[in-house]
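# Notes for the structure review
In case you want the letters, here they are:
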2 protein chains.
Amino acid sequence: MKFLLLIAHGSRRQDSNDEIRQLVERVATLDDNDYDGVEAAFLEIAEPDIHQGIANCIERGASSIVAVPYFLAGGNHVIKDVPGEIACAQAGMPAVDIQISRYLGSSEPMANLVLDCSRQVT
Amino acid sequence: MKFLLLIAHGSRRQDSNDEIRQLVERVATLDDNDYDGVEAAFLEIAEPDIHQGIANCIERGASSIVAVPYFLAGGNHVIKDVPGEIACAQAGMPAVDIQISRYLGSSEPMANLVLDCSRQVT
């Protein structure tokens, strides 16, 4: 079974972490979602951390996981910290195949999303 | 003339700020972009700041501006800091009409973008 693990930074504001959890629920219910499960994890501060997030996927039956870094810029978190945590978790859980996708900010449709967003004035 | 001003956090890493500038260029060249100009501004650290970003739009002929907060979570930056800076700038530049759109992370298509992103394994 294939899982998507959305990895966000994590915040001291519980509302902010809850936004990530709600986003994960929305991804899971999309018509074209072909993952068997979608989970959230946080690099810092909030729970579950990346190791626990991967363990949660495995507990639900995951044999492969795509980790999506939910970050806007390709800074140290994306280049070093997230891959480092995943490599460490992978070493301890060799039975699951973990891959990392491009980070959100580098996604091609981002420009369209900005334009779409601009049309929704609050 | 109507401008889009993309407001990012700003980073000490120049590459990260350049990503925002490149994104702005991509937005400007989209087929369905109906703005007369697209500019970038940064809440902290990088230049131009929000005040200067608005001034740049006006210098290029803007009579109205939609500011898009390029943030993933609805934290203090989105709720307080960005609107505060814009209100301050608006008070000093009353001839331009400035509106704020919803922030990027609250955008409806975000769930689709996460799914799309997960299909692009690096």
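Here, every reference points to the structure presented above.
Thresholds applied
Residues numbered from 1 in each chain as written. Chains lettered and ligands numbered in written order. Predicted model: local features only at pLDDT ≥ 70, side-chain atom pairs only at ≥ 80, totals over all residues. Heavy atoms only, no water. Contact = heavy atoms within 4.5 Å. Buried area = accessible area lost by both parts, 1.4 Å probe. Salt bridge = Lys/Arg side-chain N within 4 Å of Asp/Glu carboxyl O. Polar contact = N/O pair within 3.5 Å; in protein donor to acceptor, adjacent residues only side chain to side chain. Helix = DSSP H or I, 4+ residues; strand = E, 2+ residues; numbered from the N terminus. Nonpolar A, V, L, I, M, F, W, Y, C, P; charged D, E, K, R; others polar. Buried < 20%, exposed > 50% of the residue type's maximum accessible area, 1.4 Å probe, protein only. Pairing = 2+ DSSP bridges. Axes fitted to C-alpha atoms, helices over the stretch in contact; angles between N-to-C directions. Parallel < 35°, antiparallel > 145°, perpendicular 65-115°, else oblique. Core = buried A, V, L, I, M, F, W, Y, C linked by side-chain atoms within 4.5 Å.

### Overview of the interface of chain B and chain A
The partner chain A presents 45 residues to the 45 residues of chain B that form the contact. Across the chain B to chain A interface the summed buried area is about 4100 Å²; carbon plus sulfur atoms make up 62%. Joining chain B to chain A, the criterion identifies 4 salt bridges. A salt bridge links B:Asp34 to A:Arg119; the nearest nitrogen and oxygen atoms lie 4.0 Å apart. Counting every contact that joins chain B to chain A gives 16 residue pairs in polar contact (both at pLDDT 80 or more). Only strand 1 (2–8), helix 1 (14–28), strand 3 (64–69), strand 4 (97–100) and helix 4 (110–118) of chain B provide two or more residues apiece to the side of chain B that touches chain A. Broken down by element, the residue count for the side of chain B that touches chain A peaks at 9 residues, all from helix 4 of chain B. A breakdown of the residues in the side of chain B that touches chain A according to their chemical character gives 24 nonpolar, 12 polar and 9 charged.

### Describing helix 4 of chain B
Helix 4 of chain B sits mainly inside the fold: 7 of its 9 residues count as buried. For helix 4 of chain B, the elements touching its buried residues are strand 1 (2–8), helix 1 (14–28), strand 3 (64–69) and helix 4 (110–118) of chain A.

### Digging into the sheet that holds strand 4 of chain B
Residue and element names in this part refer to chain B. The sheet built from 4 strands is open, its strands ordered 2-1-3-4 with parallel pairing. Of all the strands in the sheet, just strand 2 (37–42) and strand 4 have a single pairing partner and so form its edges. In this sheet, neighbouring strand axes are inclined to one another by 25° on average, regardless of whether the strands run parallel or antiparallel. By the bridge criterion, 6 bridges tie strand 1 to strand 3 in an arrangement that is parallel. Paired with Lys2 across the bridge in strand 3 is Ser64. Contacts between helix 1 and the sheet are confined to strand 1 and strand 2, with strand 2 contributing the most and set at about 165° to the helix.

### Digging into the packing of helix 4 of chain A against helix 1 of chain B
One can describe the packing of helix 4 of chain A onto helix 1 of chain B by two numbers: an axis separation of 9 Å at closest approach and a directional angle of 70°. In terms of orientation, helix 4 of chain A lies roughly perpendicular with respect to helix 1 of chain B. Packed against helix 4 of chain A, whose contacting residues are A:Met110, A:Ala111, A:Val114 and A:Leu115, the element helix 1 of chain B presents B:Leu23, B:Arg26 and B:Val27 at the interface. Residue composition of the contact of helix 4 of chain A with helix 1 of chain B, by class: 6 nonpolar, no polar and 1 charged.

### Regarding the nonpolar core
Core analysis: the biggest nonpolar cluster contains 48 residues, and A:Tyr70 and B:Tyr70 have the highest contact counts within it. Apart from the residues lying within four places of it in its own chain, the contact partners of A:Tyr70 are A:Leu6, A:Ile7, A:Ala8, A:Ile20, A:Leu23, A:Leu104, B:Leu72, B:Gly105, B:Met110 and B:Val114.

### Thoughts on the pattern of salt bridges
For the coordinates displayed, the defined rule picks out 10 salt bridges over all chains. A salt bridge links A:Asp32 to B:Arg119; its shortest N-O distance comes to 3.8 Å. Of this pair, A:Asp32 sits in the loop between helix 1 and strand 2 (37–42) while B:Arg119 sits in the segment after helix 4, on two different chains. Within the structure, one salt-bridge network assembled from shared partners comprises A:Asp32, A:Asp34 and B:Arg119.

### Structural notes on the environment of B:Ser107
Checked against the element boundaries, B:Ser107 lands in the loop between strand 4 and helix 4. Using a relative accessible area of 0% as the deciding quantity, one classes B:Ser107 as buried. If we skip the residues at most four places from it in the chain, B:Ser107 touches A:Arg26, A:Leu113, A:Asp116, A:Cys117, A:Gln120 and B:Arg102.

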